[in-house]
Amino acid sequence: MGSLVFTVCIILLQVIMRYVFNSSLSWSEELARYIFIWQIWLGASLGVREKKHIRVELVYGLFRQKGQLVMDVLSTIIWIALCIFLAINGTELTLALLQRHSTSPAMKIPMYIIYSTLPISCGVMVLRLVQRVLEIIKTPFKGEGGEV
């Protein structure tokens, strides 16, 4: 939440500088973009923890309880595979940027810092998704209200 407020303040400052003082800041848009990227990836990880990601339940509703459990586990495993793929490739990209000493144009921030959010967030998502699979397996027939 704090990063969102900070981002809005940076953009507001940029708008005021541009339209009131007829001079813009060279770094504000870049910083806002990088904060937004971190917000998105860390927010995706938070969404996994809070179980707030969008689900398509059209096919899910066609199955009985056992089938729904299998679908839950299967879809979570596929999601884990995607996150592992993104974490591995994100790590490779981050290391390549670290070796090249790439920096951002306006602020001269090392680009590996910006891109490191991908392997970090996906790694955390993998841990949370594995926890979810274990949770599903441990309590297979409990619904939302704890009913069997």
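Source: prediction; values computed, not measured. (Residues numbered from 1 in each chain as written. Predicted model: local features only at pLDDT ≥ 70, side-chain atom pairs only at ≥ 80, totals over all residues. Heavy atoms only, no water.)

Draft legend 1. Representation of the overall build of the protein in the model. When helices and strands are tallied, the protein shows 5 helices and 0 strands. Reading the protein from its N end, one meets helices and strands in the order α-α-α-α-α. At 21 Å, the protein has a C-alpha radius of gyration far larger than the 15 Å of a compact globule built from 148 residues. Its C-alpha atoms give the protein principal-axis dimensions of roughly 65 × 40 × 25 Å. With 148 residues in all, the protein has 28% of them scored as buried. Counted over contacts in the protein with a minimum sequence separation of 6, partners at least 24 positions apart contribute 69%. Of the roughly 10,500 Å² of accessible surface on the protein, 68% is carried by carbon and sulfur atoms. Both charge centroids of the protein, one from 14 positive and one from 9 negative side chains, sit 2 Å from each other. (Helix = DSSP H or I, 4+ residues; strand = E, 2+ residues; numbered from the N terminus. Rg over C-alpha atoms; globule rule 2.2 N^0.38 Å. Buried < 20%, exposed > 50% of the residue type's maximum accessible area, 1.4 Å probe, protein only. Contact = heavy atoms within 4.5 Å. Areas by Shrake-Rupley, 256 points an atom, 1.4 Å probe, with all protein chains shown as cover. Lys, Arg positive; Asp, Glu negative; His and termini not counted. Charge placed at Lys NZ, Arg CZ, Asp CG, Glu CD.)

Draft legend 2. Spatial organisation of the nonpolar core. Among the nonpolar cores identified, the biggest contains 14 residues, and Ile80, Cys83, Cys122, Met125 and Leu129 are the most heavily contacted of them. Taken together, the elements giving at least two residues each to this core come down to helix H2 (28-50), helix H3 (65-100) and helix H5 (117-138). For this core, the element with the highest residue contribution is H5, accounting for 7 residues. Not counting residues within four places of it along the chain, the set of residues in contact with Ile80 comprises Val126, Leu129, Val130 and Val133. Core analysis: the second largest hydrophobic core is formed by 5 residues, Tyr34, Leu97, Ile109 and Ile114 among them. (Core = buried A, V, L, I, M, F, W, Y, C linked by side-chain atoms within 4.5 Å.)

Draft legend 3. Focus on the side chain of Thr7. Mapped onto the secondary structure, Thr7 falls in helix H1 (residues 2-19). The residues touching Thr7, leaving out its near neighbours within four places in the chain, are Ala32, Ile35 and Gln39.

Draft legend 4. Up close: the packing of aromatic side chains. Taken as a whole and judged by the stated rule, the model has 0 aromatic pairs. For the cation-ring pair, Arg33 lies above Tyr34, with the distance from its terminal atom to the ring centre recorded as 5.8 Å. (Phe/Tyr/Trp six-rings, centres within 6.5 Å; stacked < 30°, edge-to-face > 60°. Lys NZ or Arg CZ within 6 Å of the ring centre and 35° of its normal.)

Draft legend 5. Focus on the pattern of salt bridges. Tallied over the full model, the rule gives 3 salt bridges. The closest approach of N and O atoms between Glu50 and Arg49, which form a salt bridge, is 2.9 Å. On the accessibility criterion, Glu50 (39% relative accessible area) is partly exposed. Judged by its relative accessible area of 47%, Arg49 is partly exposed. (Salt bridge = Lys/Arg side-chain N within 4 Å of Asp/Glu carboxyl O.)

Draft legend 6. Representation of the environment of Tyr112 in the model. On the secondary structure map, Tyr112 appears in helix H4 (residues 111-115). A relative accessible area of 30% places Tyr112 in the partly exposed class. Contacts of Tyr112, omitting those with residues within four sequence positions, involve Thr94, Leu97 and Leu98.

Draft legend 7. Summary view of the side chain of Thr117. Among the secondary structure elements, Thr117 is positioned in helix H5. The class for Thr117 is buried, based on a relative accessible area of 1%. For Thr117, the residues in contact, after removing those within four places along its chain, are Ile37, Trp38, Trp41 and Cys122.

Draft legend 8. Looking closely at unusual backbone geometry. A positive phi angle, close to 55°, is found at Asn22, a residue other than glycine. Overall, the relative accessible area of 72% leaves Asn22 in the exposed class. Here the phi dihedral of Lys108 falls at roughly 60°; this positive angle occurs in a residue that is not glycine. Residue class for Lys108 comes out exposed when judged on its relative accessible area of 55%.

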